[in-house]
Amino acid sequence: MISTDPLEPGSVYAAGLDEDSRIGLYRLEVGMTSGGGRLKLAGGVSGEMRESFQRAFGYLQGNKVKFGVAPSFETSDFLVQAIDLLQSRAACECGVALVIAIISAIRKLPVAPATVIVGDLSIQGNIRGVRVLVEICQLAMENGARRILLPTENRRQFLDVPGDVADRMDPVFYGDPAVAIQKAFASV
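These remarks concern the structure in this document.

With that settled, the discussion passes to the side chain of Glu 48. Following the sequence through the fold, Glu 48 ends up in helix 1 (residues 47–62). This buried residue, Glu 48, is left without a salt bridge; Arg 131 holds the nearest opposite charge, at 6.0 Å. Only 3.0 Å separates the side chain of Glu 48 from the backbone nitrogen of Glu 19, close enough to count as a polar contact. Not counting the four nearest positions on each side in its chain, Glu 48 is found in contact with Leu 17, Asp 18, Glu 19, Ala 91 and Glu 93.

Dropping the structure here:
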């Protein structure tokens with residue numbers, strides 16, 4: 001499911017858990033059209049995921065100058081589609097992945113191949129990790145991930161990941177959205 005070839009700019013893989021502890025694996029795709037800086041969510045994005053995307057977009061709007069994307073926000077709308085790769089219907093909170101996907105679309109730069117992004121953020125940019133990491137890493141690896149961006153608060157949980165999974169995946173930790181953005185494009 002997770003390609004070792006680079007995705008098109010604006011596309012990223014994301015993983016997380018919903019309220020019922022179901023694991024979701026998604027490919028987020030962001031398209032840009034002429035507009036005035038609005039977020040448009042395609043069908044199927046609801047509940048926790050919708051709220052997560054709205055928080056992440058609010059954070060990015062508030063920090064568009066910091067990230068050098070202000071001109072694009074003033075002239076573009078962002079259409080977001082979340083493709084459920086496992087058909088699990090697990091509405092994960094994956095706001096960090098959305099921020100990276102939007103930056104990728106604006107800069108026309110793909111993220112590093114076979115990378116899965118985990119984590120959410122508040123409207124002020126505070127990073128939130130996931131409750132259970134082992135299963136997410138296992139599932140990501142089984143589906144082709146070779147690199148996983150993780151919130152720093154999940155660092156200790158990564159020690160519980162089985163050796164065969166840890167040997168096949170490169171964990172990359174981040175403590176704030178700017179570092180996550182930087183590390184997502186590393187090795188491209």
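Side chains Thr 115 and Ile 117 of strand 5 (residues 115–118) all project onto a buried face; the interleaved residues Val 116 and Val 118 project onto the opposite face, where all are buried too. Across 3 bridges, the pairing between strand 1 (residues 11–17) and strand 5 is parallel. Note that in strand 5 the partner of Tyr 13 across the bridge is Val 116. Sheet topology note: the strand 5/strand 8 (residues 147–151) ladder contains 3 bridges and is parallel. Of the residues in strand 8, the one forming a bridge with Thr 115 is Arg 147.

Before going further, it helps to examine the layout of surface pockets. By rolling a water-sized probe across the atoms, one finds the places where empty space is left. In this structure, the second largest pocket encloses a volume near 160 Å³. Surrounding the second largest pocket, Gly 16, Leu 17, Glu 48, Glu 93, Gly 119, Asp 120, Arg 128, Gly 129, Val 130 and Arg 131 form its lining. Class assignment for the residues of the lining of the second largest pocket results in 2 nonpolar, 3 polar and 5 charged.

This brings us to empty space enclosed by the protein. Under the criterion given, the structure shown has 1 cavity of 30 Å³ or more. For the largest cavity, the calculated volume is near 30 Å³. Ser 3, Asp 5, Pro 6, Leu 7, Tyr 13, Val 111, Ala 112, Pro 113, Ala 114 and Thr 115 are the residues that line the largest cavity. Here the residues of the lining of the largest cavity sort into 7 nonpolar, 2 polar and 1 charged.

By size, the foremost hydrophobic cluster in this structure holds 43 residues, and its most contacted members are Leu 28, Phe 53, Ile 100 and Ile 102. Those elements that place two or more of their residues in this core are strand 1, strand 2 (23–34), helix 1, strand 4 (76–84), helix 3 (95–107), strand 9 (170–174) and helix 7 (177–184). With 10 residues, the top contributor of residues to this core is helix 3. Apart from residues no more than four positions distant in its own chain, Leu 28 is found in contact with Gly 10, Ser 11, Val 12, Ala 14, Phe 53, Gln 81, Ala 82, Cys 94, Ala 97 and Leu 98. Within the second largest apolar cluster, 26 residues are counted, among which are Leu 17, Leu 133, Cys 137 and Val 161.

Definitions and cut-offs
Residues numbered from 1 in each chain as written. Predicted model: local features only at pLDDT ≥ 70, side-chain atom pairs only at ≥ 80, totals over all residues. Heavy atoms only, no water. Helix = DSSP H or I, 4+ residues; strand = E, 2+ residues; numbered from the N terminus. Buried < 20%, exposed > 50% of the residue type's maximum accessible area, 1.4 Å probe, protein only. Lys, Arg positive; Asp, Glu negative; His and termini not counted. Salt bridge = Lys/Arg side-chain N within 4 Å of Asp/Glu carboxyl O. Polar contact = N/O pair within 3.5 Å; in protein donor to acceptor, adjacent residues only side chain to side chain. Contact = heavy atoms within 4.5 Å. Pairing = 2+ DSSP bridges. 1 Å grid on protein atoms, 1.4 Å probe; cavity = no way out; pocket = protein on both sides within 12 Å on 5 of 7 lines; lining within 4 Å. Points joined across faces, edges and corners; volume = space filled by probe spheres on them. Nonpolar A, V, L, I, M, F, W, Y, C, P; charged D, E, K, R; others polar. Core = buried A, V, L, I, M, F, W, Y, C linked by side-chain atoms within 4.5 Å.

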